[in-house]
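The primary structure of each chain is shown beneath.
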Amino acid sequence: IYDEVTQKIITALEDGVTPWTRSWKSLGALRNAVSGRSYRGINTLLLSISSLAQGFSDPRWLTFKNADQLGGKVRKGQKGTMIVFWKFVTKAQDGEENFDGEDHEDGSGKKFAFARRYTVFNVEQCDGLKLEALTLDDLELELEETELNEQAEAILALPVLHHGGDRACYMPSADQIFMPQRSSFESLNHYYATGFHETCHWTKHPSRLDRDFKQRFKVEKEARAMEELVAEIGAAFLGAHTGVPFEGMQHPEYIGSWIKVFQDNNKAIFTATSHAQKAADFIIDQAGLLIPESDLPVAALA
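In this text, all values refer to a predicted model and were calculated from it rather than measured experimentally. (Residues numbered from 1 in each chain as written. Predicted model: local features only at pLDDT ≥ 70, side-chain atom pairs only at ≥ 80, totals over all residues. Heavy atoms only, no water.)

Novice: Whenever I open this one, the pattern of salt bridges confuses me. Can you help?
Specialist: As a working rule, side chains carrying opposite charge can pair if their charged atoms are close by. Within the structure shown, the criterion is met by 10 salt bridges. Note that Arg40 and Asp281 form a salt bridge whose closest N and O atoms lie 2.4 Å from each other. Separated by 241 residues along the polypeptide, Arg40 in the loop between strand S1 (31-32) and helix H2 (42-54) and Asp281 in helix H8 (residues 268-286) bring together distant segments of the chain. Accessibility assignment for this pair places Arg40 and Asp281 in one class, buried. The partner of Asp264 in a salt bridge is Lys260, and the shortest N-O contact between them spans 2.4 Å. Placement of both Asp264 and Lys260 in helix H7 (residues 255-264) is noted, with a separation of four residues, approximately one turn of the helix. Given a relative accessible area of 41%, Lys260 falls into the partly exposed group. Three or more residues are tied together by salt bridges with common partners; here these are Glu222, Lys260 and Asp264. (Salt bridge = Lys/Arg side-chain N within 4 Å of Asp/Glu carboxyl O. Helix = DSSP H or I, 4+ residues; strand = E, 2+ residues; numbered from the N terminus. Buried < 20%, exposed > 50% of the residue type's maximum accessible area, 1.4 Å probe, protein only.)

Have a look at this one:
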């Protein structure tokens, strides 16, 4: 599963597609058609890649069983999309696996995230479903690019933010973010997108999520590339939550480094999306914004 997912991401990057920078909120969040719960983490990327490749505009997905629950069926000959669920198991010191997902009270067991494959289909691949058709009118209209986004403003109010100069960066030593003036950006949405990226870096501070890839990735360039990837994906998750479109990558110069890391480590993209989701959730929580309910826990692979 790790190899297959990693290869999908590598192929997408090599084809010039970065799924986390594409908008998947035009008709709402990617979600299960029955429960309405949003997909998160790596599954957001996998479903986004599939949607782009097959031209799906409906964000709702389901299993064969879900289709039957809704009174319909998957159209014959349709190819499903793989998503990943996590089963948490423990392994005791004697090597015996405990599949109940519970830790041993004496601390002798260690918990592992075990990846399991599931296949889902977009509702556009089905017939006879008892579902209401989605239209843009069903959603809140997107803000004009010149109109302040209150949720985005709440997020950027979290860190200490200094405006001035000609570069955007987070300085860990000072625990501050430096940004050019708003008027320097092509649009307000570009300003928010850049601010989200730097705010995701801000979460790595020891007083927050205490994220550091230097131990896991011994090569400094790879550790830096991983941190940039977390900020890229995390910022896109924030964009999807707040309605800020992400149509361009913040740091395309890292694509080669990301591909190299993925080729060397088939769990790297899982680690990056896990940390990105944690960063986005932390920021949304600190800003007092609602986190969408999900039945898809993020794997703790880091």
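Novice: Can you walk me through the sheet that holds strand S8 (residues 161-163) in this structure?
Specialist: The strands that make up a sheet pair up through hydrogen bonds in the backbone, lying either parallel or antiparallel. Sheet architecture is open: three strands sit in the order S8-S10-S9, paired in mixed fashion. Strand pairing shows two members of the sheet lacking a second neighbour, S8 and strand S9 (169-171), which therefore form its edges. Put simply, the sheet's adjacent strands are angled 25 degrees from each other on average, direction ignored. In the packing of helix H5 (residues 188-202) onto the sheet, contacts are made with S8, S9 and strand S10 (176-179), and the angle to S10 comes to roughly 155 degrees. (Pairing = 2+ DSSP bridges. Axes fitted to C-alpha atoms, helices over the stretch in contact; angles between N-to-C directions. Contact = heavy atoms within 4.5 Å.)

Novice: It is not clear to me how the layout of surface pockets should be interpreted in this structure. Could you clarify?
Specialist: Rolled over the atoms, a probe as big as a water molecule pinpoints where empty space is left. A volume near 580 Å³ is recorded for the second largest pocket. Here the residues of the lining of the second largest pocket sort into eight nonpolar, four polar and 10 charged. (1 Å grid on protein atoms, 1.4 Å probe; cavity = no way out; pocket = protein on both sides within 12 Å on 5 of 7 lines; lining within 4 Å. Points joined across faces, edges and corners; volume = space filled by probe spheres on them. Nonpolar A, V, L, I, M, F, W, Y, C, P; charged D, E, K, R; others polar.)

Novice: Where do I start with the packing of aromatic side chains in this structure?
Specialist: Two aromatic rings are characterised by how far apart their centres lie and by the angle between their planes. For the structure shown, the criterion picks out 12 aromatic pairs. Here Phe85 and Tyr118 contribute two aromatic rings whose centre-to-centre distance is 4.6 Å and whose plane-to-plane angle is 50 degrees, an arrangement assigned as tilted. Of the two residues, Phe85 sits in strand S4 (residues 81-91) while Tyr118 sits in strand S6 (residues 110-122), which places them 33 residues apart along the sequence. What makes Tyr118 partly exposed here is its relative accessible area of 36%. For the pair Phe213 and Phe217, a centre-to-centre distance of 6.2 Å together with 70 degrees between the ring planes defines the contact as edge-to-face. In this structure, Phe213 and Phe217 share a single accessibility class: buried. Taken together, the aromatic side chains of Tyr2, Trp86 and Phe270 make up a single cluster linked through ring pairs. (Phe/Tyr/Trp six-rings, centres within 6.5 Å; stacked < 30°, edge-to-face > 60°.)

Novice: Looking at this structure, how should I read H5?
Specialist: Owing to its 3.6 residues per turn, the α-helix brings residues three or four apart onto one side. Here H5 contains 15 residues, and its C-alpha end-to-end distance of 21 Å stays within 8% of the 21 Å for a straight helix at 1.5 Å per residue. With 14 of 15 residues buried, H5 lies mostly within the body of the structure. (Expected span 1.5 Å × (residues − 1).)

Novice: What am I meant to see in the packing of helix H6 (residues 220-242) against H8 here?
Specialist: Axes are the key here: two packed helices are described by the angle between their axes and the distance separating the axes. It is the contact of H6 with H8, at a shortest axis distance of 8 Å, that shows an interaxial angle of 50 degrees. When the interaxial angle is binned, H6 and H8 end up oblique. Handedness of the H6/H8 crossing: right-handed. Together, Met226, Leu229, Val230, Ile233, Gly234, Phe237, Leu238 and His241 of H6 and Ala268, Ile269, Thr271, Ala272, Thr273, His275, Ala276, Gln277, Ala280, Ile283 and Ile284 of H8 make up the contact between the two elements. Partitioned by chemical class, the residues of the contact of H6 with H8 number 13 nonpolar, six polar and no charged. (Parallel < 35°, antiparallel > 145°, perpendicular 65-115°, else oblique. Left-handed = near helix turned anticlockwise from the far one by under 90°.)

Novice: It is not clear to me how the pairing of S10 should be interpreted in this structure. Could you clarify?
Specialist: Of the two faces of S10, the one holding Ile177 and Met179 is buried and the one holding Gln176 and Phe178 is not buried anywhere. With three bridges joining them, S8 and S10 adopt parallel strand pairing. Directly across from Leu161, in S10, lies its bridge partner Ile177. Sheet topology places S9 next to S10; three bridges connect them, and they run antiparallel. Residue pairing for S10: Cys169 is matched across the bridge by Phe178. In this antiparallel pair of consecutive strands, S9 and S10, the connection spans four residues, and Asp175 shows a positive phi of 55 degrees.

Novice: I would appreciate a short explanation of H8 in the present structure.
Specialist: Helix length check: H8, at 19 residues, gives a terminal C-alpha distance of 27 Å against a target of 27 Å (1.5 Å per residue), a fit within 8%. Buried residues dominate H8, accounting for 16 of its 19 residues. Backbone geometry just after H8 places Gly288 at a positive phi near 75 degrees.

Everything listed is a geometric property; what it means functionally is a separate question.
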